[in-house]
Amino acid sequence: MLSATAMDPVEKKPLYHFHPGTYSFSVGFYGCNLRCPFCQNYQISTTLPGSVTDFVKSSNIVSEALKLKADSISYTYSEPLIHAEYCLDTAAAATERGLSNILVTNGFMSAPAAETIYSAMDAVNIDLKSFNKDYYSQVLKGGLDEVCRSIEIAVSRCHTEVTTLIVPGENDSRTELIALFGFLSELKPQPVLHLSRYFPRFKYTHPPTEIKALLSTAELAKEVLDYVYVGNLPQQTSTEHKNIYTNDTRCSSCKSVLIRRESYKTDVLNRSNSVCDNCGSPLPYLV
């Protein structure tokens, strides 16, 4: 049972260090194992599917992705792991046909499940919604320990990026953010972090995250993390704040721009698929 299908830039997952500039055939689902009051996709996460006759075979998903010349298949939009068996079946069929598999998930699962799921994926983006155990259990109806363990397993199995939606007054205290960034900084390899701007949605009427606050949070994260990006900003923001904000990817050694980004428009400037053209350092992303 699918809620939607679409061809998306891989950057929309968001994944900035995995096959940049390519397109992913994205399949969406119904349902979720969390109850986030700010859910951006609550229409499908809190809704039951319609008729069971709408079932789409895994082989059809792979065939459509190949027809559209996608580089990968993404399991996304709501929480794909409500339909874990379907995702695994589709991932196996996709791998056989040379397609990469991408999972966008809240990461709330048992360790054995994480080991199985992430081993079948080439890349994942995991939501780390807070670094407060009480907030996870009482507000989101999940568990911080399980999500952290899930992320630890993911970085050992596949390319991993993490997204944190910054919700004013809920998960944006300096103490909590420092703890969250510190946890990610100790992982090997260190995941890419996306900090996303919140907008009022579903049950939350908090005002949107202030742009200056989001950019300041990104600077705080960069003190301990190698790659931090910001999202959900209006297009004009990238020009207005270009002196302090950019989603370009630079070489960690010589700081040459390897990938230039404007919204979802991606220009891979580096000619080599393995090293920086300027200094020869290994690229921080997978081509």
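Reading the values: rules and limits
- Residues numbered from 1 in each chain as written.
- Predicted model: local features only at pLDDT ≥ 70, side-chain atom pairs only at ≥ 80, totals over all residues.
- Heavy atoms only, no water.
- Axes fitted to C-alpha atoms, helices over the stretch in contact; angles between N-to-C directions.
- Helix = DSSP H or I, 4+ residues; strand = E, 2+ residues; numbered from the N terminus.
- Parallel < 35°, antiparallel > 145°, perpendicular 65-115°, else oblique.
- Left-handed = near helix turned anticlockwise from the far one by under 90°.
- Contact = heavy atoms within 4.5 Å.
- Nonpolar A, V, L, I, M, F, W, Y, C, P; charged D, E, K, R; others polar.
- Salt bridge = Lys/Arg side-chain N within 4 Å of Asp/Glu carboxyl O.
- Phe/Tyr/Trp six-rings, centres within 6.5 Å; stacked < 30°, edge-to-face > 60°.
- Buried < 20%, exposed > 50% of the residue type's maximum accessible area, 1.4 Å probe, protein only.
- Lys NZ or Arg CZ within 6 Å of the ring centre and 35° of its normal.

This part covers the packing of helix H4 (residues 111-119) against helix H6 (residues 144-157). Where H4 contacts H6, the two axes come as close as 9 Å, and the packing angle between them is 30°. Of the possible angle classes, the one that applies to H4 and H6 is roughly parallel. Here the hand of the crossing between H4 and H6 comes out right-handed. Two secondary-structure elements touch here, H4 through Ala 111, Ala 114, Glu 115, Tyr 118 and Ser 119 and H6 through Arg 149, Ser 150, Ile 153, Ala 154 and Arg 157. Class assignment of the residues belonging to the contact of H4 with H6 gives a composition of five nonpolar, two polar and three charged.

Another point: the pattern of salt bridges. Using the criterion set out here, one finds eight salt bridges in the structure. Taken together, the shared-partner salt bridges in this structure form one network comprising Asp 8, Lys 12 and Lys 13.

Next up on the list: the packing of aromatic side chains. Tallying each qualifying case throughout the model produces six aromatic pairs. Arranged with centres 4.7 Å apart and planes meeting at 65°, the rings of Tyr 16 and Tyr 229 form a pair that is edge-to-face. Within this pair, whereas Tyr 16 is found in the loop between strand E1 (4-9) and strand E2 (23-28), its partner Tyr 229 is found in strand E8 (residues 228-231), the two being separated by 213 residues in sequence. In this structure, Tyr 16 and Tyr 229 share a single accessibility class: buried. Consider the rings of Phe 38 and Tyr 204, whose centres lie 5.7 Å apart with planes at 50°: the pair is tilted. One end of the pair, Phe 38, is in the loop between E2 and helix H1 (42-45); the other, Tyr 204, is in the loop between strand E7 (192-197) and helix H8 (211-221), with 166 residues separating them in the sequence. Note on accessibility: Phe 38 and Tyr 204 belong to one class, buried. These aromatic residues form a ring-pair network of at least three members: Phe 29, Phe 55 and Tyr 86. The ring of Tyr 16 carries Arg 261 above its face, with NZ or CZ at 4.1 Å from the centroid.

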